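Chains, contacts and geometry: an overview
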Amino acid sequence: MASMAAWLIGIIIVVCQVSTPSAQGGGGGNPMSIVIAFSVVGSVVGLLILVVIGIFSYKFAKKVVREWRNTSTPPTDLESAPEEILEKDAPEMDKFLREIADEYPIRFTAQQLNVFTNNYATRLGSGGFGDVYKGQFPNGLKIAVKILKRNSDKKAENQFMAEIGTIGRTRHRNLLRMYGFCYDEFMSALVLEYMENGSLDRFLYGKTRNEIDWEKLQEIATGTARGIAYLHEECHRRIIHYDIKPANILLDVDFSPKIGDFGLSNLCNRDNTHVSLTEYRGTPGYSAPELLRFNFPVTFKCDVYSFGMVLFEMIGRRKNAEVSPSGSIDWFPIQIWERFDKGELVNMSGECNVEEDGERKMAIERMCMVALWCVQDTPEDRPPMSAVVKMLEGSAEIMPPPKPFQYMYPISTDTSAVTAVTVAMDSEQMSSGSSSSPIWYKGSVPILRT
Ligand SMILES: Nc1ncnc2c1ncn2[C@@H]1O[C@H](COP(=O)(O)OP(=O)(O)OP(=O)(O)O)[C@@H](O)[C@H]1O
Ligand SMILES: [Mg+2]
């Protein structure tokens, strides 16, 4: 526009120079000069009008396209459109895409998250820590953005960064990847790998409960166990999850499982819709009984208990606790124990909704026995996750588990429980956790006790 103005001024000066001598001459002026002057001014004005029309049409078209794009999403409150921000931030984007390749958690700004999520247009779900939204990086990689709730005792920035560093460096194919985070005066958020098939709970209860076949469910169980084993036994800073449950087992496009939300219990406090006691961590129905006991030491074995509860739900493709038509509580884990106790686990195919087949029957029985070991009342009696993986893989002969859930019957007169414990103790290498030999299966490979 500035150059055009200069050009116009130049033309006017030329025109003035052409017309000045005639004016000074006091005559009517050279008709030839006047014609030239008028045609020059006329063409300049015409050109200007064309340029102005062009600019207005471009702006109008851009506005129409932007409005059309926003019809299915809430309007953005950013001053500039996402494309403009992305263009402006191009060097910054290149930097963070390089950092992703370097596998380093990246710090994003709140404005960038706004752009990635298209102003938080698609909510994937919400939980005790906050809401989760779908988004994508400029290179098209899909992401999930978890906005963490802030409360009065919000963590200091350096503490937050320390936890983020731990989560970001904890990598395993069965753990959900964290690409980066956002931390500023107003918000803290995590930028996570997006999982196409959402969480396992969707496929255990409700209409979609039979969409995953039994073989795939077995793979999901073993993959999940491997992820927890890595958290407990292999990663540089061992992590207790505290909230193993189907909603935290996410499934990628091939239904391979990845555990989400590990390390979060150290990062922030949950709201009180999930918990009733200030120091209580986890979700009722999955959390180990010792978490409710005052001053009881909490170990990695609380995750083993929760995993056992998840296994029961995978076996039955149902919630462990349901209210029966008569109004009483129908509790699936105890039914599994009763069947095991009567030697009837092989007839579980109906509950599991799988076709009768010798190998499947054995696989179901194996999963039930592993689950019963995982939910033992005494944490030391529960196997470490590496042993759980081994048992689920079928590479070890599983010993009969003792009766669990005794804490539900404080004054027990049930002698079968005692017998079951005795049987387990009499079997090979039974020592209830005090020696380095496994008590859960017959085998010679030493495993790490936690
Ligand atoms: N990375 C992800 N990819 C796709 N969907 C996700 C992702 N993370 C979470 N979700 C979806 O969002 C829902 C809510 O997740 P969120 O972790 O906030 O709550 P939750 O797991 O139900 O409870 P909790 O707060 O105890 O973890 C999940 O159930 C899942 O369906
Ligand atoms: Mg979760």
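Every chain begins its residue count from 1, and numbering advances along the sequence as written. In the order they appear in the text, chains get letters beginning with A and ligands get numbers beginning with 1. This being a predicted model, a pLDDT of at least 70 is required before a residue's local features are given, and a value of 80 or more before pairs of side-chain atoms are given or counted; all residues contribute to the totals for chains, interfaces and linings. Think of the side-chain values as coming from all heavy atoms in the structure, minus any hydrogens and water.

Naming follows an unreviewed UniProt entry, where the protein chain appears as Rust resistance kinase Lr10-like of Cucurbita maxima. UniProt positions are given in the numbering used here, feature names are shortened, and annotations may be inferred rather than shown by experiment. Its UniProt record gives the protein chain the following Subcellular location (unreviewed entry) comment, quoted word for word: "Membrane".

1. Quick look at the pattern of salt bridges
Any Lys or Arg side-chain nitrogen found within 4 Å of a carboxyl oxygen on Asp or Glu counts as a salt bridge. Overall, the coordinates contain 14 salt bridges when judged by the stated rule. As a salt-bridge pair, glutamate 157 and arginine 107 come within 2.9 Å of each other at their nearest N and O atoms. Here arginine 107 lies in strand β1 (residues 106–107) and glutamate 157 lies in helix α6 (residues 157–169), a separation of 50 residues in the sequence. Classification of arginine 107 by relative accessible area gives partly exposed; the value is 37%. Notably, a salt bridge pairs lysine 216 with glutamate 219, separated by 3.1 Å at the nearest N-O pair. One end of the pair, lysine 216, and the other, glutamate 219, are both in helix α7 (residues 214–234), 3 residues apart, so they sit about a helical turn from each other. It is possible to trace a salt-bridge network through shared partners that takes in Arg318, Glu322 and Asp330. Comment: elements are numbered from the N terminus, with helices defined as DSSP H or I runs of at least four residues and strands as E runs of at least two. Categorising residues by exposure relies on relative accessible area from a 1.4 Å probe, with only protein chains included: less than 20% of the type maximum marks a residue as buried, more than 50% marks it as exposed, and the intermediate range marks it as partly exposed.

2. Re unusual backbone geometry
Even without being a glycine, asparagine 119 presents a positive backbone phi close to 60 degrees. Along the polypeptide, asparagine 119 turns up in the loop between α5 (110–116) and β2 (123–126). At phenylalanine 405, a residue that is not glycine, the phi angle is positive and equals roughly 65 degrees. Relative to the elements of secondary structure, phenylalanine 405 occurs in the loop between β11 (397–398) and α14 (415–426). Residue class for phenylalanine 405 comes out buried when judged on its relative accessible area of 0%.

3. Focus on empty space enclosed by the protein
Here a cavity is any set of points on a 1 Å grid over the protein atoms alone where a 1.4 Å probe fits but cannot get out, and a pocket is any open set with protein on both sides within 12 Å along at least 5 of 7 lines; a residue lines the site when it has an atom within 4 Å of a point. Grid points are joined across faces, edges and corners, and a volume is the space filled by probe spheres set on the points. Counted by the stated rule, this structure contains 2 cavities of 30 Å³ or more. Space inside the second largest cavity adds up to approximately 70 Å³. Along the walls of the second largest cavity sit Ile167, Leu176, Met178, Leu190, Leu192, Gly260, Asp261, Phe262 and Leu264, which together make up its complete lining. Its residues placed into classes, the lining of the second largest cavity shows 7 nonpolar, 1 polar and 1 charged. For the domains described, the bounds stem from an automatic or database domain assignment. Composition of the lining of the second largest cavity by domain shows at least three residues from each of domain 1 (100–194) and domain 2 (195–407). In this count, Pro and Cys sit with the nonpolar residues alongside Ala, Val, Leu, Ile, Met, Phe, Trp and Tyr, while Asp, Glu, Lys and Arg are called charged and the others, Gly among them, polar.

4. A closer look at helix α12 (residues 358–374)
For α12, spanning 17 residues, the distance from its first C-alpha to its last is 25 Å, which sits close to the expected 24 Å at 1.5 Å a residue. Of the residues making up α12, those classed as buried are Ala363, Ile364, Met367, Cys368, Met369, Val370, Ala371, Leu372, Trp373 and Cys374. For a helix, the expected span equals 1.5 Å multiplied by the residue count minus one.

5. Some thoughts on the sheet that holds strand β6 (residues 188–193)
Pairing between strands requires that DSSP locate at least two bridges from one strand to the other. Pairing is mixed in the open sheet, where 6 strands are placed in the order β1-β5-β6-β4-β3-β2. Only two strands of the sheet have a single neighbouring strand rather than two, namely β1 and β2. The sheet contact formed by β1 and strand β5 (residues 178–183) spans 2 bridges and is parallel. Within β5, the residue paired with arginine 107 across the bridge is phenylalanine 181. The strands touched by α6 are β1, β4 (142–148), β5 and β6; relative to β5, the strand with the most contacts, the crossing angle is about 170 degrees. Contact between two residues is taken to exist if any of their heavy atoms lie within 4.5 Å; hydrogens are not considered. Axes here mean lines fitted to C-alpha atoms, for a helix over just the part in contact, with angles spanning 0 to 180 degrees between N-to-C directions.

6. Quick look at the nonpolar core
The set of buried Ala, Val, Leu, Ile, Met, Phe, Trp, Tyr and Cys residues whose side-chain atoms join them within 4.5 Å is what this entry labels a nonpolar core. Grouped together as the largest cluster of nonpolar side chains are 86 residues, with contacts concentrated most on Phe307, Leu311, Phe312, Met314, Ile336, Val388 and Leu392. Residue contacts for valine 388: discarding those within four places in its chain leaves Ala225, Val304, Phe307, Val370, Cys374 and Pro383. Within the second largest apolar cluster, 14 residues are counted, among which are Phe108, Tyr133, Ile147 and Cys182.

7. A closer look at the packing of α7 against helix α9 (residues 301–316)
Their axes nearest at 11 Å, the elements α7 and α9 cross at an angle of 175 degrees. Here α9 runs roughly antiparallel to α7, going by the angle between their axes. Seen from α7, the contacting residues are Leu217, Ile220, Ala221, Thr224, Ala225, Ile228 and His232; seen from α9, they are Asp303, Phe307, Leu311 and Met314. Residues of the contact of α7 with α9, tallied by class, amount to 8 nonpolar, 2 polar and 1 charged. Should an angle lie under 35 degrees it is considered roughly parallel, over 145 roughly antiparallel, and from 65 to 115 roughly perpendicular; all remaining angles are considered oblique.

8. Section: the coordination of the magnesium ion (ligand 2)
For Na, K and Ca the donor cut-off is 3.2 Å, and for all other metals it is 2.8 Å, counting N, O and S atoms only; because water is absent from this set, sites may look incomplete. Coordination of the magnesium ion (ligand 2) by the protein comes from Asn248 (OD1) and Asp261 (OD), over a distance range of 2.0 to 2.1 Å. Of this pair, asparagine 248 sits in the loop between α7 and β7 (249–251) while aspartate 261 sits in the loop between β8 (257–259) and α8 (264–267), placing them 13 residues apart in sequence. Judged by relative accessible area, which is 7%, asparagine 248 ranks as buried. For aspartate 261, a relative accessible area of 17% puts it in the buried group.

9. Looking at the packing of aromatic side chains
When the centres of two rings from Phe, Tyr and Trp lie within 6.5 Å, Trp using its six-membered ring, the rings pair. Their planes under 30 degrees apart give stacked, over 60 give edge-to-face, and anything left gives tilted. According to the stated counting rule, one finds 11 aromatic pairs in the structure shown. Summarising the aromatic geometry, the rings of phenylalanine 108 and phenylalanine 116 are spaced 5.5 Å apart at their centres and angled 85 degrees between planes, so their arrangement reads as edge-to-face. Relative to phenylalanine 255, the ring of phenylalanine 203 has its centre 5.4 Å away and its plane inclined at 80 degrees; by these criteria the two rings are edge-to-face. Of this pair, phenylalanine 203 sits in the loop between β6 and α7 while phenylalanine 255 sits in the loop between β7 and β8, and the two are 52 residues apart along the sequence. Members of the aromatic cluster, joined through ring pairs, are Phe108, Phe116, Phe137 and Tyr179. Cation over ring: lysine 319 sits above tyrosine 205, and NZ or CZ is 4.1 Å from the ring centre. Only when the NZ of Lys or the CZ of Arg is both within 6 Å of the ring centre and within 35 degrees of the ring normal is a charge said to sit over the ring.

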